[in-house]
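Now for the letters of each chain:
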Amino acid sequence: MTDTIFTESMNPITVRRHGDPRVTGTAVAFTEHRYNQDEVSAQLTSFAEPGFARFAASSGVEYRSLALPLERYSGLTGFTEANAAYLEVAAELGEQAVRRALDAAHVRPDEVDAIVTVSSTGVAVPTIDARIASAVGLRPDVKRIPLFGLGCVAGAAGLARVHDYLRGFPDQVAVLLSVELCSLTLQRDDTSIPALIGVCLFGDGAAAVVAAGADRVPAGLPLHPGPRILATRSRLFADTVDVMGWNVSSSGFQLVMSRDVPKMADDHLRDEVDRFLADQGLATADISTWVCHPGGPKVLDAMHNAIGTPPEALRHSWQSMRDNGNISSASVLDVLDRTVADGPTAGSLGLMLAMGPGFSFELLLLGW
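Rules behind the numbers
- Residues numbered from 1 in each chain as written.
- Predicted model: local features only at pLDDT ≥ 70, side-chain atom pairs only at ≥ 80, totals over all residues.
- Heavy atoms only, no water.
- UniProt positions renumbered as here; feature names shortened; annotations may be inferred.
- Helix = DSSP H or I, 4+ residues; strand = E, 2+ residues; numbered from the N terminus.
- Buried < 20%, exposed > 50% of the residue type's maximum accessible area, 1.4 Å probe, protein only.
- Contact = heavy atoms within 4.5 Å.
- 1 Å grid on protein atoms, 1.4 Å probe; cavity = no way out; pocket = protein on both sides within 12 Å on 5 of 7 lines; lining within 4 Å.
- Points joined across faces, edges and corners; volume = space filled by probe spheres on them.
- Domains from an automatic or database assignment.
- Pairing = 2+ DSSP bridges.
- Right-handed = clockwise from strand over helix to strand, strands pointing away.
- Patch = residues over 30% accessible without salt bridge, like charges linked within 9 Å, V, L, I, M, F, W, Y side chains within 5 Å.
- Areas by Shrake-Rupley, 256 points an atom, 1.4 Å probe, with all protein chains shown as cover.
- Salt bridge = Lys/Arg side-chain N within 4 Å of Asp/Glu carboxyl O.
- Phe/Tyr/Trp six-rings, centres within 6.5 Å; stacked < 30°, edge-to-face > 60°.

Looking at an unreviewed UniProt entry, one finds the chain named Stilbene synthase, with Mycolicibacterium aromaticivorans JS19b1 = JCM 16368 as its source organism. As stated in UniProt under Pathway (unreviewed entry), the record for the chain gives "Lipid metabolism; fatty acid biosynthesis." Among the UniProt annotations of the chain, the heading Sequence similarities (unreviewed entry) holds the following wording: "Belongs to the thiolase-like superfamily. Chalcone/stilbene synthases family."

For the rest of this paragraph, the subject is the side chain of Ser 328. Locating Ser 328 in the fold gives a position in the loop between α10 (315-324) and α11 (329-342). On the accessibility criterion, Ser 328 (6% relative accessible area) is buried. Those residues in contact with Ser 328, other than ones at most four positions away along the chain, are Gly 151, Cys 152, Glu 180, Cys 182 and His 293.

All right, on to the layout of surface pockets then. In this structure, the largest pocket encloses a volume near 620 Å³. In terms of lining residues, the largest pocket is bounded by 24 residues, among which Phe 55, Ile 197, Met 257, Arg 259 and Lys 298 are the most central. When residues of the lining of the largest pocket are traced back to their parent elements, those giving at least two are α2 (50-57), α7 (193-201), α8 (260-279) and α9 (297-307). Per-element tally for the lining of the largest pocket: the top contributor is α7, with 4 residues. Per-domain counts for the lining of the largest pocket show at least three residues from each of domain 1 (22-212) and domain 2 (228-367).

Okay, the pairing of strand β7 (residues 143-148) next. The sheet contact formed by strand β6 (residues 114-119) and β7 spans 6 bridges and is parallel. If you follow Ile 115 over to β7, its bridge partner there is Arg 144. In the classification by handedness, the crossover that spans β6, the intervening helix α5 (residues 128-136) and the parallel β7 is right-handed.

Let's shift gears to a nonpolar patch on the surface. A surface patch of nonpolar side chains, about 320 Å² in accessible area, is lined by Val 123, Val 125 and Phe 148. Mapping Val 125 onto the fold places it in the loop between β6 and α5. Look at Val 125 and you get exposed, because its relative accessible area is 75%.

On to the environment of Arg 131, then. In this fold, Arg 131 is placed in helix α5. On the accessibility criterion, Arg 131 (35% relative accessible area) is partly exposed. Sequence separation between Arg 131 and Gly 94 is 37 residues; the distance between their C-alpha atoms is 9.4 Å. Other than its neighbours up to four places away in sequence, Arg 131 contacts Leu 87, Ala 124, Val 125 and Pro 126.

All right, on to the packing of aromatic side chains then. Note on aromatic pairs: each is described by the distance of the centres and the angle between the planes. For the structure on display, the rule yields 3 aromatic pairs. Geometrically, the ring pair formed by Phe 237 and Phe 361 is edge-to-face, given 5.2 Å between the ring centres and 80 degrees between the ring planes. Pair noted here: Phe 237 is in the loop between β10 (228-236) and β11 (244-249) and Phe 361 is in strand β15 (residues 360-367), with a separation of 124 residues, a long-range link. For Phe 237, a relative accessible area of 6% translates into the label buried. Using a relative accessible area of 0% as the deciding quantity, one classes Phe 361 as buried.

Okay, α9 next. What α9 keeps buried is the set Pro 297, Val 299, Leu 300, Ala 302, Met 303, Ala 306 and Ile 307. On the buried face of α9, the contacting elements are α7, α8, β13 (289-292), α10 and β14 (349-356). Following α9 by one or two positions, Gly 308 has its phi on the positive side, about 80 degrees.

The structure is reproduced here in structure tokens:
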């Protein structure tokens, strides 16, 4: 099976395809607790040094939705209470996101064969997918695949694992759910630089993606259907576990965020992108759509500089960060949702990209 795909220069190339899954629905969900940057910064931190206000103003974040009303955070006594709030709000937002994505895909809940759930901002056993399955209407025999600990890369990594599953079961439907409530991990007495970054950048929300195997894609797709997932690549760098992640203690999750994060993009991203695309017979000039995780202004600038993207290529990433902050793994799915709504040209190619703890990259080649 072959397809003709048009590159950025509008030169047609022929790509061999072997049953690629297609994204058929995307959605995001947020609480009603929405605040601007000044409100969040004033309430969620005890920072007083002048550098904090300067960093907050230059973060690229203007608004965020939070799991709880701002006045609730000062009363949280520790990890136990914060995690109880995580369980309640994550289930609510997760159910909303999955329902909306299924509606967008015109898929009934009982048609879902597998659900991949990603989250790294709370602990849930049973997992969030189990807590919402009955309410959503998923079948009792739905395959549950929860993933914890991938952090910001999990949105892209979760979609890659959905791709893997549907390549093996091309007649099935799978859902990816990301729920991240970053505000519930913030610790007011933590005055470290990573904590400052967390207060200024991170927000809360959920996102869901519905994908169908190649033998399950309906004949009548929407006017602007989601992309096919053509190929994926994971990249884990040795001796980088201290670059990004959590220090977990009795008080909860303490953010680890090294200044080397943008440097990892500067030093390694272009080579990884080039090799991934070369394996598909492509180059960066062939990519017209970029779906990149908005990890922060320095990360987005590093992505732009490393890859050499056109000036407008990352506009959805910048807009997502401005409107919602960095929602960890849900952010790249918010960017995907915006991109799908924008309606890329049929026959064009896109690249989804995220970075996360490990240190790791996740790349997905997308075809519209």
